[in-house]
Amino acid sequence: MTSPVSASDHVTPRPAPPARQYAASRHAAWLGAAAIITDEVGRVLLVHPTYRKDDSWLLPGGVVEPGEHPHITCRREITEELGLDLPLSAVLAVHSFSPHHPDLQPATPCPGEVRFVFDGGTLTLGQVQAIRLPREELSEFAFLETRDAVQRLRPVDGQIMLAAYRARLGNTATAHLADGRHILGVPALDRHDVHVRYRPLWDSPLHRGPVPDRLPVQQAWAWCFVPDGRVVLVADPGPRGALPMLPGGTVEETDATPEGTLHREAAEEAQLTLADPVRLGWVLDETGKVYGSVGPNARLRLAARVTAVGPAAVDPTAGRPPARYTRPGSRPAGLGPTRRTASPARGGHRTRAVGPARRARRRHRGDPGGGDAAELTRTLPRLDSSRSMPL
């Protein structure tokens, strides 16, 4: 059977334009490449250029040269700017920049820019000490917590940095942004404005034995495991963002035991029902400064099973419901830097990843939010906050 013939079948194809004319008709835009590089406690590396009139800082990176691929550019710029040869493990963000964006310097003839942000990994102390800057181009570098880093970047650069950093922190898909805004849905860590921070107390060794009778226990928090091995985190939004933390808090006078503190705080913060809390060890707080300088005290670390998760509720201390997350518990120490563990039987300290520290607020609850972000390998979807979830 013959197919019917339509009028369009008799249209003469338009001849292709000459190659030069076609090339001239294509949209032109700059290409840039940058990297998220952190130190061992999760602070992001920024560099201070000498040529910016507004005194703003930048992520390491630069302009893609003709015929160059962005990942090649990024590695070249890291070598030129820092004197380091670093592998790149992932594309964390791709950003499209409008020609007339307000963050452009006045009179800058920019046709728009597409910027790739790569994961440059975590630097060891030796690598940090080996950094050498081209002084005619960069005056200094600094490792900053994300909340401080955004203050030194131009607004759009800060938005790009945070999206890329959180993509690495949560091991989520590449973030796609236009003029600093997500275009494919806002990931949970961005939606809740999650940041991380480092606390020096994390450098204290974890003691495995019982807490000495002379030391009062001022704080108790725990890794709370759901049946598939994930750990529950809570993030309380504040004026400068939300800090992820483990359930727990200050031992109150009404708590019969530190385990009682954990049960109470887990119910208040995350609506968790716990079973079988186990003491993992304790950390010495030599001053008790956040408790009014009470002197030496112990901060207890525990683990417990989650048997049920209730619907989200307002935390009586914070006055708002914190966000709840789960993440794989294969290495819960991803929430903090590697810490020394006191091991008298072995005659010294050994390395053991145990992670979290505390948050200084009225109840001084546990705060694992700011350690080695490279180790926080995956943040899973938020717990369903609309209904109870027996486990």
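Residues numbered from 1 in each chain as written. Predicted model: local features only at pLDDT ≥ 70, side-chain atom pairs only at ≥ 80, totals over all residues. Heavy atoms only, no water.

### What about the overall build of the protein chain?
Helix and strand counts for the protein chain stand at seven helices and 21 strands. Put simply, the protein chain has 391 residues, and 51% of those count as buried. Intrachain contacts of the protein chain at a sequence separation of at least 6 include 71% that bridge at least 24 residues. In the form shown here, the protein chain has an accessible surface area of approximately 19,000 Å², with 55% of it arising from carbon and sulfur atoms. (Helix = DSSP H or I, 4+ residues; strand = E, 2+ residues; numbered from the N terminus. Buried < 20%, exposed > 50% of the residue type's maximum accessible area, 1.4 Å probe, protein only. Contact = heavy atoms within 4.5 Å. Areas by Shrake-Rupley, 256 points an atom, 1.4 Å probe, with all protein chains shown as cover.)

### What about the confidence of the model for the protein chain?
Looking at the protein chain, the pLDDT average stands at 80 and 80% of residues meet or exceed 70. Across residues 331-391, confidence stays below pLDDT 50; counting only partners more than four residues off in sequence or on other chains, it has 236 contacts. (pLDDT = per-residue confidence, 0-100.)

### A few points about the packing of aromatic side chains
Inspection of every chain in the model, using the stated rule, returns three aromatic pairs. Between Phe 141 and Phe 143, the ring centres sit 6.2 Å apart and the planes meet at 90°, which makes this aromatic pair edge-to-face. Aromatic side chains Trp 221 and Trp 223 sit 5.6 Å apart centroid to centroid with 80° between the ring planes, which places their arrangement in the edge-to-face category. Each of the two residues, Trp 221 as well as Trp 223, counts as buried. Over the ring of Trp 57 we find Arg 152; its NZ or CZ atom is 4.8 Å from the centre of that ring. (Phe/Tyr/Trp six-rings, centres within 6.5 Å; stacked < 30°, edge-to-face > 60°. Lys NZ or Arg CZ within 6 Å of the ring centre and 35° of its normal.)

### Quick word on the pattern of salt bridges
Within this structure, the stated rule accounts for 20 salt bridges. For Arg 76, the salt bridge identified is with Glu 80, shortest N-O distance 3.3 Å. Of this pair, Arg 76 and Glu 80 both sit in helix α2 (residues 70-82), four residues apart, which is roughly one turn of that helix. Assessed through its relative accessible area of 45%, Glu 80 is described here as partly exposed. We note a salt bridge from Arg 168 to Asp 119, for which the minimum N-O separation is 3.0 Å. Residue Arg 168 is found in helix α5 (residues 155-170), and its partner Asp 119 is found in strand β5 (residues 113-122); the two are separated by 49 residues along the sequence. For Arg 168, a relative accessible area of 9% corresponds to the buried category. A network of salt bridges, in which partner residues are shared, links Arg 52, Glu 113, Arg 115 and Asp 157. (Salt bridge = Lys/Arg side-chain N within 4 Å of Asp/Glu carboxyl O.)

### Comments concerning α2
Helix length check: α2 (13 residues) gives 18 Å between terminal C-alpha atoms against 18 Å at 1.5 Å per residue, within 8%. Among all positions in α2, only Pro 70, Thr 73, Cys 74, Glu 77, Ile 78, Glu 81 and Leu 82 are buried. Summarising the axial view, the buried residues of α2 lie within an arc of 130°, below the 170-degree limit, and thus occupy one face. Contacts from the buried residues of α2 go to β1 (30-38), β2 (44-49), β3 (61-63), β5 and β6 (138-144). Phi turns positive one or two residues past the end of α2, at Gly 83, with a value near 75°. (Expected span 1.5 Å × (residues − 1). Arc of directions from axis to C-beta.)

### What about the environment of Phe 143?
Position of Phe 143 among the secondary structure elements: in strand β6. Along the chain, Phe 143 and Gly 42 lie 101 residues apart, while their C-alpha atoms are 8.7 Å from each other.

### What to know about the side chain of His 95
Tracing the chain through its elements places His 95 in strand β4 (residues 91-97). One polar contact links the side chain of His 95 to the main-chain amide nitrogen of Asp 179, over a distance of 3.2 Å. Once you skip the residues sitting within four places of it in the chain, His 95 turns out to touch Glu 113, Val 114, Arg 115, Val 156, Ile 160, Leu 177, Ala 178, Asp 179 and Gly 180. (Polar contact = N/O pair within 3.5 Å; in protein donor to acceptor, adjacent residues only side chain to side chain.)

### What about the nonpolar core?
One finds Ile 36, Leu 59 and Met 161 to be the most contacted residues of the largest nonpolar core, which totals 39 residues. Sort the elements by how many residues they give to this core and α5 lands first, with nine residues. Residues in contact with Ile 36, not counting those within four places in the same chain, are Val 44, Leu 59, Leu 92, Val 117, Phe 118, Asp 119, Gly 120, Gly 121, Met 161, Ala 164, Tyr 165 and Arg 168. Within the second largest apolar cluster, 21 residues are counted, among which are Ala 270, Leu 274, Trp 282 and Val 309. (Core = buried A, V, L, I, M, F, W, Y, C linked by side-chain atoms within 4.5 Å.)

### Examining the environment of Gly 310
Topologically, Gly 310 is positioned in the loop between β15 (297-309) and β16 (323-328). Counting along the chain gives 38 residues from Gly 310 to Leu 272, while the straight-line C-alpha distance between them is 6.4 Å.

### Some words on unusual backbone geometry
A positive phi is found at Asp 179, a non-glycine position, where the angle reads about 50°. Mapped onto the fold, Asp 179 is located in the loop between β7 (175-178) and β8 (181-182). With phi around 55°, Asp 193 is a residue other than glycine that occupies positive phi space. Structurally, Asp 193 can be placed in the loop between α6 (188-191) and β9 (206-207). For Asp 193, a relative accessible area of 31% corresponds to the partly exposed category.

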